[in-house]
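Geometric and topological summary
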Amino acid sequence: MADPLTADMLTAAQAATRLGVSRPTLYAYVSRGLLRAQPAGDGRGSRYLAAEVDRLALTRIRGRRPKEIAKATLDWGLPVLESAITLIQNGRLYYRGHDALDLAARASVEEVAGLLWQVPSSGAVLADAFSGPAPAPAPAFAAARAAFHGRRAEEALLPLLALASDDADTAIWQRAPGRLAQGAAALVRLLTACLLGTAPDAAPIHRQCAKAWGLDKEGAELVRMALVLCADHELNASNFTARCVASTGASLRAAVLGGLAALGGPRHGGLTARVEALWDEVGADGDTAGRLRQRLARGEDIPGYGHPLYPAGDPRAAALLARILPQRPAWAVVMEQTQRLVGQPPVIDTALVALRRHLRLQPGSAFGLFALGRSLGWIAHALEQRADAQLIRPRALYTGPRPAPKP
């Protein structure tokens, strides 16, 4: 596990990126006393406290023009709205104050849903929502499932869920907590059925996955861990999309569909497909390092390594890989070689691909697990945004041609 102090430190390159300045400008800030540089533990270069870098960034943008402020805020920038759901701090991830790694070690998907949605997991409301009568998919679902049979989750999940679900149970006029919990749980159960190609079921989500995929107890535990670790991640692109949709007064279903659409891009959850392609290309034999160098020499990147919010490494990936790599020593060597080349550790997308291959699941299942776990977060953010009752409506800074003056 990463040292929390180290995890909250940035390299010079990371600090300069966060500030939006060049390395010489960063060093000038240090010489002027605006920022403190601390020697790195390995003796190579300096490190910068992330909190100090963020404070300096805030000071810098206060005097900027609106265009510069927008860029600094929207690109891995400063917080843009308040949320009580997820905290990322000192290289750790917390769901409503609970360490996500601790939850991944013991909690069920349903318990984490109750925590994120603020539905007491010990009460009958959440239990009934997940274990009650299975939600009936819309009539068009059966035909759609046949049409998408054999397609990867990246292609199939969005249209299948759109056809299987309905707005009424999670519409904005649904106010009763029990009814809303049932509607939210029904969305997750329907998404599970879409991923697995099964009928909606009342069994715990990870056990449904294990049964459909023919997994043993250890495999089921790995799936449960992955789903919990993917449940939420602050204000990423898909969460923000879900919040924007919910802010209009749309249903929770619409917010989940919006989040699922955003997740599919190759810079978000769709990164798993790029990681899969990388593994196919470089293999796990004696020449893996050489193929990685050739790829870098061609100007191509190495996807799945390095996360701006985790300078010392993605704790979600570390937790999953700690359970997988001891049984896959060749993969451990490949990841070590890759990390040595790019200077950054693997992220959750790489860990999900490793899990998919370790359990011998169908291609696309890494994305499917990501989407199924993250659906809990989309619903949580949609509920929080709905409670705020404010439309998310930023303004654009127009950069196109100006209208011609009227005579």
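Reference entry: report on the structure contained in this document. Computed from a prediction, not measured in an experiment: that's the story for all the values here.

Reading the values: the criteria
Residues numbered from 1 in each chain as written. Predicted model: local features only at pLDDT ≥ 70, side-chain atom pairs only at ≥ 80, totals over all residues. Heavy atoms only, no water. Salt bridge = Lys/Arg side-chain N within 4 Å of Asp/Glu carboxyl O. Buried < 20%, exposed > 50% of the residue type's maximum accessible area, 1.4 Å probe, protein only. Helix = DSSP H or I, 4+ residues; strand = E, 2+ residues; numbered from the N terminus. Lys, Arg positive; Asp, Glu negative; His and termini not counted. Contact = heavy atoms within 4.5 Å. Core = buried A, V, L, I, M, F, W, Y, C linked by side-chain atoms within 4.5 Å. Pairing = 2+ DSSP bridges.

Quick look at the pattern of salt bridges now. One side chain can pair with another of opposite charge once the charged atoms of both are near each other. For the coordinates displayed, the defined rule picks out 19 salt bridges. In this structure, Asp 99 and Arg 92 form a salt bridge, with 2.7 Å as the shortest nitrogen-oxygen distance. As far as the burial class goes, Asp 99 and Arg 92 line up, both buried. Linking Glu 276 and Arg 356 is a salt bridge whose minimum nitrogen-to-oxygen distance equals 2.8 Å. Pair noted here: Glu 276 is in helix H16 (residues 271-282) and Arg 356 is in helix H20 (residues 348-358), with a separation of 80 residues, a long-range link. Taken together, the salt bridges that share partners define one network made up of Glu 276, Asp 280, Arg 356 and Arg 357.

On to the side chain of Arg 374, then. Tracing the backbone through its elements, the reader meets Arg 374 in helix H21 (residues 365-388). Notably, Arg 374 is buried but unbridged: the nearest opposite-charge side chain belongs to Asp 232, and the N-O separation is 5.0 Å. Leaving out residues up to four positions away in the same chain, Arg 374 has contacts with Cys 230, Ala 231, Asp 232, His 233, Asn 236, Ser 238, Asn 239, His 268 and Arg 316.

Another aspect to go through is H20. The buried fraction of H20 amounts to 11 of the 11 residues, a majority that puts the element mostly inside the structure. Along H20, the positions that sit buried rather than exposed are Ile 348, Asp 349, Thr 350, Ala 351, Leu 352, Val 353, Ala 354, Leu 355, Arg 356, Arg 357 and His 358. Looking at the buried positions of H20, the neighbouring elements they touch are helix H13 (217-229), H16, helix H18 (315-324), helix H19 (329-342) and H21. Trailing H20 by a residue or two, Arg 360 shows a phi angle of about 60 degrees, which is positive.

Another point: the nonpolar core. Tyr 95, Leu 116, Trp 117, Leu 157, Leu 376 and Ile 379 are the most contacted members of the largest nonpolar core, which totals 97 residues. Residue contributions to this core peak at 12 residues, all from H21. Residues in contact with Leu 376, not counting those within four places in the same chain, are Val 109, Val 112, Ala 113, Leu 116, Trp 117, Val 188 and Ala 231. If you look at the next biggest cluster of nonpolar residues, it comprises 14 residues, including Ala 16, Leu 19, Leu 26 and Ala 57.

Right, let's talk about the pairing of strand E5 (residues 92-95) for a bit. The pairing of strand E4 (residues 86-89) with E5 spans four bridges and is antiparallel. Counterpart to Thr 86 in the pairing with E5 is Tyr 95. Linking E4 back to E5 in an antiparallel pair, the connection comprises two residues, with Asn 90 at a positive phi of about 55 degrees. The pairing of E5 with strand E6 (residues 98-99) spans two bridges and is antiparallel. Across the sheet, the residue bridging to Tyr 94 is Asp 99, located in E6. In this structure, the hairpin formed by E5 and E6 is closed by a connection of two residues, where Arg 96 is found at a positive phi of approximately 45 degrees.

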